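These are the residues of each chain, in order.
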Amino acid sequence: MNTPPPEGKCDRCRQTRPLFVRKPDHDCIDVLGRVDLIEAARLIAEIDDQGDIWCTRRIEGLPPRQLCVRCFGVDAADEAAHIEVHQL
């Protein structure tokens, strides 16, 4: 039996709706692998400068976003556009 998703405030639109966990489609941190401290600082600054909110959340230790259906699709499209522009 399928249970309905929990309701709460969407992390994007702040509306109270059924929420779904959205994990990013890309992961700059795993792609980069192990690096020394100076290189890590440079890469973290680059991720921040590019506006990569998905990997920035992971760097900051935040959980994946909980989004309503509408925002889930918008966030996925925004991430795809970001990946295309920055060729991650």
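Quick note: structure is the one above.
Residues numbered from 1 in each chain as written. Predicted model: local features only at pLDDT ≥ 70, side-chain atom pairs only at ≥ 80, totals over all residues. Heavy atoms only, no water.

A. Local environment of the overall build of the protein chain. Along its length, the protein chain carries 4 helices and 4 strands. Starting at the N terminus and ending at the C terminus, the protein chain contains elements arranged as β-β-β-α-α-α-β-α. Taken over the C-alpha atoms alone, the protein chain extends approximately 50 × 25 × 25 Å along its principal axes. The 88 residues of the protein chain split such that 23% are buried. Partitioning the contacts of the protein chain with sequence separation of at least 6, the portion at a separation of at least 24 is 67%. Counting only carbon and sulfur atoms, one obtains 56% of the accessible surface of the protein chain, whose full area is about 6300 Å². (Helix = DSSP H or I, 4+ residues; strand = E, 2+ residues; numbered from the N terminus. Buried < 20%, exposed > 50% of the residue type's maximum accessible area, 1.4 Å probe, protein only. Contact = heavy atoms within 4.5 Å. Areas by Shrake-Rupley, 256 points an atom, 1.4 Å probe, with all protein chains shown as cover.)

B. Representation of the pattern of salt bridges. All told, the structure shown has 11 salt bridges when counted by the stated rule. Arg-58 serves as the salt-bridge partner of Asp-27, at 2.5 Å between the closest nitrogen and oxygen. Separated by 31 residues along the polypeptide, Asp-27 in the loop between strand 3 (20-22) and helix 1 (28-32) and Arg-58 in helix 3 (residues 53-59) bring together distant segments of the chain. For Arg-58, a relative accessible area of 41% gives the class partly exposed. A single network of salt bridges, built from pairs that share partners, joins Arg-12, Arg-22, Asp-25, Arg-65, Asp-75, Asp-78 and Glu-79. (Salt bridge = Lys/Arg side-chain N within 4 Å of Asp/Glu carboxyl O.)

C. Up close: the packing of aromatic side chains. One pass over the structure, following the stated rule, counts 0 aromatic pairs. It is Arg-22 that lies over the ring of Phe-72; its NZ or CZ is 5.8 Å from the centre. (Phe/Tyr/Trp six-rings, centres within 6.5 Å; stacked < 30°, edge-to-face > 60°. Lys NZ or Arg CZ within 6 Å of the ring centre and 35° of its normal.)

D. Layout of the environment of Asn-2. Relative to the helices and strands, Asn-2 resides in the segment before strand 1 (7-9). Its relative accessible area of 74% is what places Asn-2 among the exposed residues. Separated by 45 residues in the primary sequence, Asn-2 and Ile-47 have C-alpha atoms spaced 38 Å apart.

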